[in-house]
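Structure assessment
The primary structure of each chain is shown beneath.
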Amino acid sequence: MSGQLTRQQLYDRIKSSSKDSYILEEMKRLGFWKSKGQPTLEETLIEKETSLQQELSTLVAKERKFQNQELLLKEIHKQRMQNAKAKREETKEKRAQQKQEKAARWEVLRTTEIIYLGEGVSKGLQPTASNSTLLAQYNLPYFDTVAQLADAMGITTKMLTYWAYHRPVSLTSHYYTFEIAKKSGGKRKIAAPKKGLKKLQNWILTSILSKIALQDEVHGFTSKRSIVSNAQPHIGKTVVVNMDLKDFFPSVHYKRVKGLFSTLGYSEQIASILALLCTQAETKQVTLDNVLYYVQQGNRVLPQGSPASPAISNLIAYKLDKRIKGLAKRYGFTYTRYADDLTFSSDTATDKDIAALLHFAKKISTSEDFTVHPDKVHVMKQSRQQKVTGVVVNEKPNIDRNRLRQFRALLHQIKNKGWQDKQWRKSNNVYAAIEGYILFVHMIAPEKALVFRKQLEDIVAIHGTPPTTEVQPVPQPVTEEKTIVPENNSKANEEDTTNWWTTF
C-alpha cells in the first residue's frame, strides 16, 4: 500500500509522542473512534500522557546532552593534550634536524666564506663582487671568494679567519713587541708580526702593494731609490727645509687601509680582510687569576714592524705628496719624501716664501690626517751643514764628519777593550747597530765602508760577537738619523700605471 508506513517511520511516530496517542490517532483516522464533539476522558488522559511524555523526553534529552558535553570536553581536552604532545615531539625532531642542517651549512661556510671577524669590523663582510676591470688595470689578482684569497695565500679559510680576527681581549698576540731607543730620546715601539702573519703580509706586499707605481717624489721603501736618491735633488741648494710627520704609521688607521684596498678594486669583504691582516691595535698585558691577557688599546693602525706597512703608508700618502708638490712648486721649491721625512730645497726662495711653505704644508698635512712634528722642523741655509735623511748635501752626498770620528773611535775602543758597556746610537745591540751604520756608509762612500767592514771582522776575530741584550730589527742600509721598520722588500712597478689614487 502506498500510504502504509515503514517500520522505522512507525517507530519514529510512536517515539515522538506515545503508543497510545498513535493508536488513538489511527483509530480516529480509520473511523473506529467516534467522538461526539467533546473529547472523552480517555482522549484527555491519552493527550495529557502524551504531553507529559514529550516533556519528559525533552528533559531527558537535555540531561543527556549536558552529560555528553562534559564527556565531550574531557575527550576534547585529552585529544588536545595528545595532539600537543605529538606536535612537541614533531617540533623537537624538526628543530634537531634544522640544527644539524644549520651546523652542516655553517661548517661548509667556514671553509668557503668569512662573515664575522669581531665586533666593530664585520660590517660589509657579506660576499660581493670586486671590480675586475679596475684590478686588471693595475695587474692585481682577482678573487671571487674568500676561499680563493686563502688559497692564493697558501692557507685555509679557517687560518685566514684566525689571523684576521679582531680580538679586543685575547690569550695570544700575533706580534712580538719591543722597544728601541730613538735618537731624539725616549723609546720607539716596534710590533713585529709572528711567522704566520708575516708570511701573509709579505704576500700582500708582493702580490698587491708592490705592483702600484709610486711618484717620483717618494724615495722610501721602494726599489732603486734610497736615502741617497732622496738627498740628490737637494744637493748644493741655497736653503734646505726639513719637516717630520709625527706618528706616521699610527696615523694610518684601519679604515684608511680598508679604503685603500677598496680603491684598488677589491670588494668590501676582501678589503676588510686585507686591512685587518695589515693593521694592529696596541695591546696591554693584563694578568688576572694567573692568566695573561692581551687587551687592545685604541684603534687598529699600521704596526711599525710589518713588511707591508711602508708600502701602504706610501700609497695612503699619495694625495699628501700631490698637494705638497704643488705647494712647493708654487714657492720655487723641490720636494721629496722619505717615509715621514718631507724635504724641500730652493736656490731662489726668500724668507717670506719659506714661511708660507711651512704654514701651508702644515695645513695640508693636517687636512690629510697627518701631523707635522713641532720639534722637527729645520731650515738649513748654505752657511751651515745641510742634511737630508742623514746625508750631508752642501756640495755632494757626504757623511757627517763628527759622526764618522765617533764611529772610528768606537771601533778602536772595542778592538782594544772588547764589547763590554759599548753602545752605538743608544742601541743595546751594539753589533747590529754597527752593521747598520756600515751599510749606511756604504750607500754614500763605499770605500770607507769597506775599511769599517774589515775593522769589524778583525774585532769579531779577537772578541767574537757580543751577546744580544734586547731584540732588535734586522740592520738596514738607512740613515743613522732615523729608525726604519725592519725588513722591507717592496719593489716598485717600473711601468707607468693609471692614476689609481684619483679616486682615493
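The notes below deal with the structure included here.

The rules we used
- Residues numbered from 1 in each chain as written.
- Predicted model: local features only at pLDDT ≥ 70, side-chain atom pairs only at ≥ 80, totals over all residues.
- Heavy atoms only, no water.
- Phe/Tyr/Trp six-rings, centres within 6.5 Å; stacked < 30°, edge-to-face > 60°.
- Helix = DSSP H or I, 4+ residues; strand = E, 2+ residues; numbered from the N terminus.
- Buried < 20%, exposed > 50% of the residue type's maximum accessible area, 1.4 Å probe, protein only.
- Pairing = 2+ DSSP bridges.
- Axes fitted to C-alpha atoms, helices over the stretch in contact; angles between N-to-C directions.
- Salt bridge = Lys/Arg side-chain N within 4 Å of Asp/Glu carboxyl O.

**Observations concerning the packing of aromatic side chains**
Tallied over the entire structure, the rule returns 15 aromatic pairs. On the numbers, 6.5 Å between centres and 85° between planes, the contact of Phe333 with Phe344 is edge-to-face. Of the two residues, Phe333 is situated in the loop between α12 (318-330) and β7 (334-338) and Phe344 in strand β8 (residues 341-346); the sequence distance between them amounts to eleven residues. Across the pair, Phe344 and Phe333 agree in class, each one buried. A connected cluster of aromatic rings, assembled from ring pairs, spans Phe407, Trp424, Tyr437, Phe440 and Phe452.

**Topic: the sheet that holds strand β9 (residues 371-381)**
An order of β7-β8-β4-β9 is seen for the four strands of this open sheet, with the pairing classed as antiparallel. The outermost strands of the open sheet, each flanked by one partner alone, are β7 and β9. Each strand of the sheet is rotated relative to its neighbour by a mean of 15°, with strand direction disregarded. The sheet contact formed by strand β4 (residues 239-246) and β8 spans six bridges and is antiparallel. When the bridges of β8 are listed, Val239 appears paired with Ser346.

**Some points on the pattern of salt bridges**
What the rule picks out here adds up to ten salt bridges. Where Glu282 meets Lys189, a salt bridge forms, and the shortest distance between an N and an O atom there is 2.6 Å. Of the two residues, Glu282 is situated in strand β5 (residues 280-288) and Lys189 in strand β3 (residues 187-193); the sequence distance between them amounts to 93 residues. For Arg323, the salt bridge goes to Glu368, with nearest N and O atoms at 2.9 Å. Of the two residues, Arg323 sits in helix α12 while Glu368 sits in the loop between α13 (351-367) and β9, which places them 45 residues apart along the sequence. With relative accessibility at 37%, the residue Arg323 sits in the partly exposed group.

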